[in-house]
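Observations on the model geometry
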Amino acid sequence: MRTRKSAEARKAEIVDAALRLADKVGPERLTTDAIADAVGLTQPGVFRHFPKKQDLWLAVATRIGATMESRWAKAQSASAEPLDRIRALVSAQLRLIQSTPAIPAILFSRELHTKNKGLREAFFALLSRFQRLLADLAGQAISAGDLREELLADDVAYLVLGLVQGLAVRWSISGRGFDLVAEGERLLAVQLAGMLSDSCASNPRATS
């Protein structure tokens, strides 16, 4: 006898399917019919769990956000040194994007930018949270004398965030033709090398 899935398990299954299909066909072409087929439901069955398509997109954003927050927390726990934590945060973010390629597709979709205010606000809040984490760590690195004292923590954070976003776009439109994490770690090392204080730049460990 087949066990009936709980509402929460079915919702999770629908969100999983939405993420897979958003990567496969693009967010704009994602339909509730396609999602229903993917999970073995009728379209009304999907709407029983998510009455509006916007509700489904918000659930997708919530899933992505929870995963990001978990990865960020784990990355920061790996080291007490602010520069190492910046490196770990960036690597964790790039690994998540590489394993969930629907993320850049959603970030640059019409669904997010023009059609769904709630989705846009959810992703903006996530990016703002990531920027604040980077800025806090950059401020600690400046105070510790690892980064040049004339730098502004917010500027460092926005430059690092821009590297992550730009690299994700290049990776996506190149057909994922390179290792996103390896390339990101390489370019971050180049970026940080130009920000190091004189004393830190003379220490080989600082640029590792």
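Residues numbered from 1 in each chain as written. Predicted model: local features only at pLDDT ≥ 70, side-chain atom pairs only at ≥ 80, totals over all residues. Heavy atoms only, no water.

Considerations on the packing of helix H8 (residues 117-143) against helix H9 (residues 153-173)
Where we set the bar: The convention used is that axes are lines fitted to C-alpha atoms, helices contributing only their stretch in contact, and that angles between N-to-C directions extend from 0 to 180 degrees. Starting at the N terminus, helices and strands are each numbered in turn, a helix being any DSSP run of H or I of at least four residues and a strand any DSSP run of E of at least two. Oblique is the label for any angle not covered by the other classes, which are roughly parallel (under 35 degrees), roughly antiparallel (over 145) and roughly perpendicular (65 to 115). By definition, any crossing whose near helix is turned counterclockwise from its far helix by less than a right angle is left-handed, and any crossing with a clockwise turn is right-handed. Contacts are assigned to residue pairs that have any heavy atoms within 4.5 Å of one another.
Two numbers describe how H8 lies on H9: the axes approach to 8 Å, and their chain directions differ by 130 degrees. Overall, the two elements H8 and H9 adopt an arrangement that is oblique. With respect to the hand of their crossing, H8 and H9 are arranged in right-handed fashion. In contact with Leu-127, Phe-130, Gln-131, Leu-134, Ala-135, Ala-138, Gly-139 and Ile-142 of H8, H9 contributes Ala-153, Asp-154, Val-156, Ala-157, Tyr-158, Val-160, Leu-161 and Gln-165.

Concerning the environment of Asp-198
Structurally, Asp-198 is set in helix H11 (residues 198-201). Along the primary structure Asp-198 and Ala-73 are separated by 125 residues, whereas in three dimensions their C-alpha atoms are 30 Å apart.

Notes on the pattern of salt bridges
To be explicit about the condition: Here a salt bridge means any side-chain nitrogen of Lys or Arg lying within 4 Å of a carboxyl oxygen belonging to Asp or Glu.
Per the stated rule, a full pass over the model turns up 10 salt bridges. Ionic pairing is found between Asp-23 and Arg-176, a salt bridge with its closest N-O pair at 2.3 Å. Taken as a pair, Asp-23 in helix H1 (residues 7-25) and Arg-176 in the loop between H9 and helix H10 (180-193) lie far apart in primary sequence, 153 residues in all. We note a salt bridge from Arg-95 to Glu-185, for which the minimum N-O separation is 3.8 Å. Taken together, the residues span a long stretch of sequence, with Arg-95 in helix H5 (residues 82-99) and Glu-185 in helix H10 at a distance of 90 residues. Taken together, the salt bridges that share partners define one network made up of Arg-170, Glu-183 and Arg-186.

A word on the domain arrangement of the protein chain
What counts, and what does not: What marks off one domain from the next here is an automatic or database domain assignment. Accessible surface is computed with a 1.4 Å probe, and the buried area is the amount of it that two parts give up when combined, taken over both parts together. Nitrogen and oxygen atoms within 3.5 Å of one another constitute a polar contact, given that in protein one can donate a hydrogen and the other can accept it, and given that sequence-neighbouring residues count only through two side-chain atoms.
When the domains of the protein chain are assigned, the result is domain 1 (1-51) and domain 2 (53-202). Placing the centre of domain 1 and that of domain 2 at their C-alpha centroids yields a distance of 29 Å. Domain 1 puts 16 residues into the contact, and the matching count from domain 2 is 17 residues. Overall, the association of domain 1 and domain 2 removes approximately 1400 Å² of surface from exposure, summing both partners, and the carbon and sulfur fraction of that is 69%. A per-residue breakdown of the area domain 1 buries against domain 2 is headed by Leu-19, Pro-27 and Glu-28, which together make up 38% of the total. Joining domain 1 to domain 2, the criterion identifies two salt bridges. Across the domain 1-domain 2 interface, the total number found is four residue pairs in polar contact (both at pLDDT 80 or more).

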